[in-house]
Structure formats: C-alpha cells, structure tokens
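So you can see what is in the structure, the chains are spelled out below.
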Amino acid sequence: MKRRYSSHYAWRRAQSIDELAWMARQRLPAFAWEYVHGGSEDETTLGDNRRAFAAWGWQPRTLVDVEARDSRTRLLDGPAELPLAIAPTGYNGMLWRDGDIALARAAASRGIPFTLSTVSCASLETLAAAVPDARLWFQLYVLDDEAVRNDMLERARNVGVETLMVTTDTVVLGRREWDSRSYLNPRRLAWPYLLDAGLHPQWAYRALWPQGLPTLGNLVKYLPREQQSAGSAAGYINQRMTRRLTWEVLADIRERWPGKLLIKGILNAEDALEAKRIGADGVVVTNHGGRQLDGAPATLDALPEVVDAVGDSMHILLDSGIRRGSDIAKAVALGAEGVLCGRATLYGLALGGEAGAAHAIDLLKDQLHNLMAQLGRPTLAQLDASCLRRSPYASTRGDSPQRPSDALPGGETPGDMP
C-alpha cells in the first residue's frame, strides 16, 4: 500500500509536525500558506535550518532505568513543562479566528510560555484578559516613534508581561519572493490567489466569518480611525520600523523595562556579548525562520559560539527550524536553555484552532520523551554533548533545499507554486 498522509479532516491522527504541515497546506489558501511557510529569496537558510539538525546523530546508552522521563524545566527563571515557548508570530487571525488567543490557551494548557507579537491580531489587553493564566511574553518591533515605543512598553507592563523580547533582525524586511507573488500590490491579492481563496470556504468560515479580515490589534491605538484596516496597519508597521536600531536604543529600552529582557536576532559571539553589556537577561539565537537574510547561518550551527561566549551568564534560547522533539533535545544538548517554536504550532492552529495547536505541542512532547528513553537519558539535565555525534550521512539525506516541509512520500512537492 502506498504511503500517504491522512486527510486534513483527520488532523488529530497526525503523527508528526511535517504531517500537520501537509494537512495545513490542504486547508489553507495558497497566499496564506506562503505567508506561513515560505522563506526569503532562494530559501537556502530555510532549508539549512533543517539540515543543521539532520547533521547531528545520537550516541545512546543502554540498560538505564527510563520508567520515568521528566522534561520539566525553568525558562527565564519560571516553570515550564517543556524547554519550549511559543514564538512570536504575526497575523495569526488569518489562519483561525482569534488565533492569538487560541495559541495562548494551548500554551497555558500545556504549561509553556506564549509570546505575543507586536503585529498580532489580538491586542495585549485583549489577550491578557482572555487568557489570564498565560505565562505571557511580548515581542517588540522597535518603531521610529519613541512615544509609541514607550507606550507599548507601558501597556505590556500594565497587563503583566513577564518577559520582553526585542527583535533586532528586521530593520528592513527580507525579500520573501514566494509570499510577494501572491499580491498585485501589498494590499491586493493577484487574481489567481484571490480565486484560490474562494475555493477554500472552510478556511474562510474559520478565519474570516463574520467580521472579515482582522486588523493588527496592538497598532489600532496609533492609527487614525479611517486607517485601522488590516492593510493600513500592515503599511504602518512597514513604514515606521526604525532603520536606526542600535545598541544604544536597546540600552534605553533596558532602562525602561523592569522585567526580563531577551534580544532576538543573535547569530554570533560579538552580538551576544553586546547584549550582555547592555544588561539583557538573555538572547534568542535565530535567523527569523529563514525569512530574512538568505544565506545566514543555520541557528543550530550558530548556537555553540553563543553558548561559549555567554552561556554561563545569560539565558539562551534557540529559534528556527524546530519540527521534532529530537530537535529540542539537540538544542538543549548543545547548550540552549530551551527553544522557541512558531511554524509548528501554526500548522496545528490552521487545522484545529486551540486544539490543533495543543496537538502540535503534544507531538513535540511525546517525541521528546520517547527520545529521552531511547537515549538512556531520562532527564533534561542528562542531555549534553556526550549524547551527540556528527552524522556522516547528513549530506545524502533528501530534504529539499528550498521547501523542506513540502516533501511527501513518493517525492511529490505539493507546496511548490506554479
């Protein structure tokens, strides 16, 4: 019998994040899929993030009591059931109505932190009221209006955000060419994509009914009443992103923010040391999921250098490319305190809202626990470099260099656009 994934209607039967991705590809219209799944330019870094994980194999131990496996840990000095937090992702209401709230509830139900993006559909205030038990982190895009920037910090403080995550690698947006092909201009879908959206009524009902396209809730306060649509809000953030983001600006944010501070966008020791100098509590090693500088190093490759530089004095999280529990384990073994995961939970969100996102988290947890048992390392503290070995076969494996999660049994690549 030919191998094939289940229908997207049976998403609860998905056995892996790649299977959820395949199902989400069937559920979503093409423009939404490209927004979630695509990378920049040739998507080399998008693929490298996965190849970097594949380059590491395991060195298991046997005859170890693994009856009880424990993945509980502390992330930024707070409790977490997994070394995992949901990464900041924008415009989640395009995938599922009230998508940010659904993601936050899934995270809270599974005992992990949730990060709200500046460009979320739900505002800070709405999210905090809807999910009062969330471990809420907030990702800040630094805008060129200092008054708006400071007001966002005040709003985050007022709703109880415990950790501020400042993104530093988007002073200009990467050339996301597959995403851009969906549009005639930034606010108007090209006709083939508009027609394709009309062929996805289930998506339209789940995401758009009855209010239509959601706007960006955190930005509405700063827009004129007649310019509060989704398109206007997106234009505002693109125009107002500061091109003068420097360490001095971050030092000012550090002075104003009383909670934990993470700097997101670190890929080398020099920048990690600068983050330490200005008083940040930690860094996120990330290449923005392959959506910014194509050709930037894979995050797992960059991680050891950052750990060597500041690992004894800062919290270090890894972001980009997490698709399996084994990926989480490899990041921890190489020195990360934990990981951020964005796309994996978005695939689940697109399929089943809160329940779909929770299923994605459960898959990662089950895979991690299974791996820990097979490795003979039943606790996170036992995951270190001694568990790993370089795989001599990594270069022969079949991940597509451009679109790694589109590959299906049989070699089909349904995510490739004409």
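Whatever comes next refers back to the structure up there.
Rules and cut-offs
- Residues numbered from 1 in each chain as written.
- Predicted model: local features only at pLDDT ≥ 70, side-chain atom pairs only at ≥ 80, totals over all residues.
- Heavy atoms only, no water.
- 1 Å grid on protein atoms, 1.4 Å probe; cavity = no way out; pocket = protein on both sides within 12 Å on 5 of 7 lines; lining within 4 Å.
- Points joined across faces, edges and corners; volume = space filled by probe spheres on them.
- Helix = DSSP H or I, 4+ residues; strand = E, 2+ residues; numbered from the N terminus.
- Nonpolar A, V, L, I, M, F, W, Y, C, P; charged D, E, K, R; others polar.
- Phe/Tyr/Trp six-rings, centres within 6.5 Å; stacked < 30°, edge-to-face > 60°.
- Buried < 20%, exposed > 50% of the residue type's maximum accessible area, 1.4 Å probe, protein only.
- Axes fitted to C-alpha atoms, helices over the stretch in contact; angles between N-to-C directions.
- Parallel < 35°, antiparallel > 145°, perpendicular 65-115°, else oblique.
- Left-handed = near helix turned anticlockwise from the far one by under 90°.
- Contact = heavy atoms within 4.5 Å.
- Patch = residues over 30% accessible without salt bridge, like charges linked within 9 Å, V, L, I, M, F, W, Y side chains within 5 Å.
- Areas by Shrake-Rupley, 256 points an atom, 1.4 Å probe, with all protein chains shown as cover.
- Salt bridge = Lys/Arg side-chain N within 4 Å of Asp/Glu carboxyl O.

Participant: Hey, could you run me through empty space enclosed by the protein in this one?
Facilitator: Using a probe with the size of a water molecule, rolled over the atoms, empty space left in the structure can be pinpointed. For the coordinates displayed, the defined rule picks out three cavities of 30 Å³ or more. Approximately 40 Å³ is the volume found for the second largest cavity. Taken together, Glu-34, Tyr-35, Gly-38, Gly-39, Glu-43, Arg-176, Glu-177, Trp-178, Asp-179 and Arg-291 make up the lining of the second largest cavity. Contributing elements (two or more residues each) for the lining of the second largest cavity: helix H2 (30–37) and helix H7 (177–180). By residue number, the principal contributor to the lining of the second largest cavity is H7, which donates three residues. For the lining of the second largest cavity, the residue count by class is two nonpolar, two polar and six charged.

Participant: What's the story with the packing of aromatic side chains in this structure? I'm lost.
Facilitator: How two aromatic rings sit relative to each other is given by the distance of their centres and the angle of their planes. Within this structure, the stated rule accounts for three aromatic pairs. Ring centres of Phe-31 and Trp-203 lie 5.8 Å apart, and the angle between their planes is 85°; on these two criteria the pair is classed as edge-to-face. In this pair, Phe-31 sits in helix H2 while Trp-203 sits in helix H9 (residues 201–207), placing the two residues 172 residues apart along the sequence. The exposure class assigned to Phe-31 is buried, which follows from its relative accessible area of 6%.

Participant: Quick question: what am I supposed to make of the packing of helix H4 (residues 99–109) against helix H15 (residues 343–375) here?
Facilitator: To describe two helices that pack against each other, one gives the angle between their axes and the distance between the axes. Two numbers describe how H4 lies on H15: the axes approach to 8 Å, and their chain directions differ by 15°. Looking at the two axes, H4 sits roughly parallel to H15. The handedness of the crossing between H4 and H15 comes out as left-handed. Together, Gly-99, Ala-102, Leu-103, Arg-105, Ala-106 and Ala-107 of H4 and Thr-345, Leu-346, Leu-349, Gly-353, Glu-354, Ala-357, Ala-358 and Ile-361 of H15 make up the contact between the two elements. Looking at side-chain class alone, the contact of H4 with H15 contains nine nonpolar, three polar and two charged residues.

Participant: Help me understand a nonpolar patch on the surface, please; the structure alone is not making it clear to me.
Facilitator: A grouping of Leu-184, Trp-191, Leu-194 and Leu-195 is seen on the molecular surface, where their side chains present a nonpolar patch of about 440 Å² in accessible area. Of the residues forming the nonpolar patch, the biggest block, three residues, is contributed by helix H8 (residues 191–198). Position of Leu-195 among the secondary structure elements: in helix H8. Overall, Leu-195 belongs to the exposed group, its relative accessible area being 58%.

Participant: Before we go on, may I ask you to explain the side chain of His-369 in this structure?
Facilitator: Examined against the element boundaries, His-369 turns out to sit in helix H15. Apart from residues no more than four positions distant in its own chain, His-369 is found in contact with Arg-69 and Ser-71.

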